[in-house]
Amino acid sequence: KSMLLHSREGVGEHRTVDINALVEESINLAYHGARAETPGFDFTLEKSFDPAAGQADVFPQDITRVLLNLISNGLYATRMRARAGTNGYRATLAASTRNLGDSVEIKIRDNGIGIPPSVKDKMFNPFFTTKPAGEGTGLGLSISHDIIVKQHGGSLEVDTQPGEFTEISVVLPRIAALLPERS
């Protein structure tokens, strides 16, 4: 299924969307999906949306796919840390937006298990996964990277501290200059 999604990237329509609304919708979808997938798993959602984040010309379905992947990976990392039994641990996922002028930044941060340096170097490679068999294809972050960097001309950066947190920063240009059908 992930391979099919990979081959279909960019087939939807691009249009100007409100970034805060898109992130909010993605969080709501991921939240309800996580509740259904892991009943009883409790986590805190923190949102900090810049009112000036504004709009950007994107493929909304693809950006939603990226956000859902980043959020679900973050929730997976918090579940792994919760299972480790850290005393007083409270799983938290934070989403924020920020106006950067000609671009907009979206950050997804979790306080899960973090990413070791050896994994961080390979995490955007196709088929690379640290999840057990049947839990990941290794395509989610590769697809996300292609959507953000190749399709939208943006950037995808990772800040992490093993055992503490992972923060993924997505920067999207407001005007999608790389879109082929843009006139």
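For the structure itself, look to the data block above.
Note that residues are indexed from 1 along each chain, following the sequence as it is written. The predicted nature of this model means local features are confined to residues of pLDDT at least 70 and side-chain atom pairs, given and counted, to a pLDDT of 80 or more, with totals for whole chains, interfaces and linings taken over all residues. Note that water and hydrogens are dropped before the side-chain values are worked out from all heavy atoms of the structure.

Enquirer: Lay out the overall build of the protein with the relevant residues and their values.
Expert: Numbered from the N terminus, helices here are DSSP runs of H or I no shorter than four residues, and strands are runs of E no shorter than two. Per the secondary structure count, the protein includes five helices and seven strands. When the helices and strands of the protein are placed in sequence order, the string is α-β-α-β-β-α-β-β-α-α-β-β. Put simply, the protein has 183 residues, and 45% of those count as buried. Contact criterion: two residues are considered in contact whenever any of their non-hydrogen atoms come within 4.5 Å of each other. Counting contacts in the protein only where the partners sit at least 6 residues apart, residues at least 24 apart contribute 72% of the total. Residue-level accessible areas treat just the shown protein chains as cover; the underlying method is Shrake-Rupley with a 1.4 Å probe. Carbon and sulfur atoms provide 52% of the accessible area of the protein, an area that totals close to 9,400 Å². Whether a residue is buried, partly exposed or exposed follows from its accessible area with a 1.4 Å probe, protein chains only, as a fraction of its type maximum: under 20%, in between, or over 50%, in that order.

Enquirer: A description of the environment of Ala-52 should follow, citing residues and the corresponding values.
Expert: Mapping Ala-52 onto the fold places it in the loop between strand E2 (44–48) and strand E3 (55–58). Beyond its immediate chain neighbours, meaning those up to four positions away, Ala-52 contacts Asn-99 and Arg-174.

Enquirer: Mind laying out the nonpolar core, listing which residues take part and the relevant values?
Expert: For our purposes a nonpolar core is just a set of buried Ala, Val, Leu, Ile, Met, Phe, Trp, Tyr and Cys residues, chained together by side-chain atoms within 4.5 Å. If you look at the biggest cluster of nonpolar residues, it comprises 37 residues, and the most contacted ones within it are Ile-63, Ile-106, Ile-108, Ile-148 and Leu-172. Elements represented by at least two residues in this core include exactly helix H2 (19–37), E3, helix H3 (60–83), strand E4 (92–99), strand E5 (103–110), helix H5 (140–151), strand E6 (155–161) and strand E7 (165–173). The residues touching Leu-172, leaving out its near neighbours within four places in the chain, are Val-58, Ile-63, Ser-103, Val-104, Ile-106, Ile-148 and His-152.

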